[in-house]
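Here is how the chains run, residue by residue.
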Amino acid sequence: MSATPARSAGRFVTVVLLSLDEWKTAVEGCLYSTYLCSQRALSSMRSADWGRIINFGVVDARDDRAVPMNFPYFAVKKAVLQFTRTLAYDTQDDGITVNAVSPFAVENTVVDVSEYPRGRPATFEDVAAPILFFCSDAAAYISGQNVAVDGGRLQEA
């Protein structure tokens, strides 16, 4: 049995060797912050019978495929997507929608663009477009969804 490599705090480690502190850093940085921001906003949104919550996922957290290159980050982002769906269910009668946007590579990412759809990473405007839509009245009946901003990238099987 081989160990699965994971990247935490800028370095690759096996899941078996991942420290509790590295795991806590990933959970606190992505999942706790998503939860705490939502909790803080919900009271006033419920009082107003209106609200929009948009969380950030990541494209490779959408499916059940192993992503060994950065295990803590992808595991927590998968949890953020589940949190998004659950909160959407919990707020469905409150005038609140909860959705997620999951970018692949964004323009400030250091990447070899030759392997990316459309020959470039997403721009900030590409990522902002579904966020603006989810905030609009046109998306009032859309909740619990995740939009991939990936240029049509097809994941390997």
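This write-up is about the structure you can find in this document.

So, how was this worked out
Residues numbered from 1 in each chain as written. Predicted model: local features only at pLDDT ≥ 70, side-chain atom pairs only at ≥ 80, totals over all residues. Heavy atoms only, no water. Phe/Tyr/Trp six-rings, centres within 6.5 Å; stacked < 30°, edge-to-face > 60°. Helix = DSSP H or I, 4+ residues; strand = E, 2+ residues; numbered from the N terminus. Buried < 20%, exposed > 50% of the residue type's maximum accessible area, 1.4 Å probe, protein only. Axes fitted to C-alpha atoms, helices over the stretch in contact; angles between N-to-C directions. Parallel < 35°, antiparallel > 145°, perpendicular 65-115°, else oblique. Left-handed = near helix turned anticlockwise from the far one by under 90°. Contact = heavy atoms within 4.5 Å. Nonpolar A, V, L, I, M, F, W, Y, C, P; charged D, E, K, R; others polar. Polar contact = N/O pair within 3.5 Å; in protein donor to acceptor, adjacent residues only side chain to side chain.

### Things to note about the packing of aromatic side chains
Scanning the model with the defined rule gives 3 aromatic pairs in all. An angle of 75 degrees between the planes, with centres 6.3 Å apart, marks the rings of Tyr-35 and Phe-83 as edge-to-face. On the criterion of sequence distance, the pair formed by Tyr-35 in helix H1 (residues 20-48) and Phe-83 in helix H2 (residues 71-90) is long-range, its members being 48 residues apart. Classification of Phe-83 by relative accessible area gives buried; the value is 18%. A ring pair is formed by Tyr-73 and Phe-74, whose centres lie 5.5 Å apart and whose planes are at 80 degrees; its orientation type is edge-to-face. What makes Phe-74 buried here is its relative accessible area of 12%.

### Section: the packing of H1 against H2
The interhelical angle for the contact between H1 and H2, taken along N-to-C directions, is 20 degrees, at an axis separation of 8 Å. If you check the angle between H1 and H2, you find them roughly parallel. With respect to the hand of their crossing, H1 and H2 are arranged in right-handed fashion. Residue-level inspection shows Trp-23, Ala-26, Val-27, Cys-30, Leu-31, Thr-34, Tyr-35, Ser-38, Leu-42 and Arg-46 of H1 in contact with H2, the latter providing Phe-71, Pro-72, Tyr-73, Ala-75, Val-76, Lys-77, Ala-79, Val-80, Phe-83, Leu-87 and Asp-90. For the contact of H1 with H2, the per-class residue count stands at 16 nonpolar, 2 polar and 3 charged.

### Remarks on the side chain of Thr-34
Note on placement: Thr-34 falls in helix H1. On the basis of relative accessibility, which here comes to 12%, the residue Thr-34 falls in the buried class. Polar side-chain contacts of Thr-34 include one of 2.7 Å to the backbone oxygen of Cys-30.

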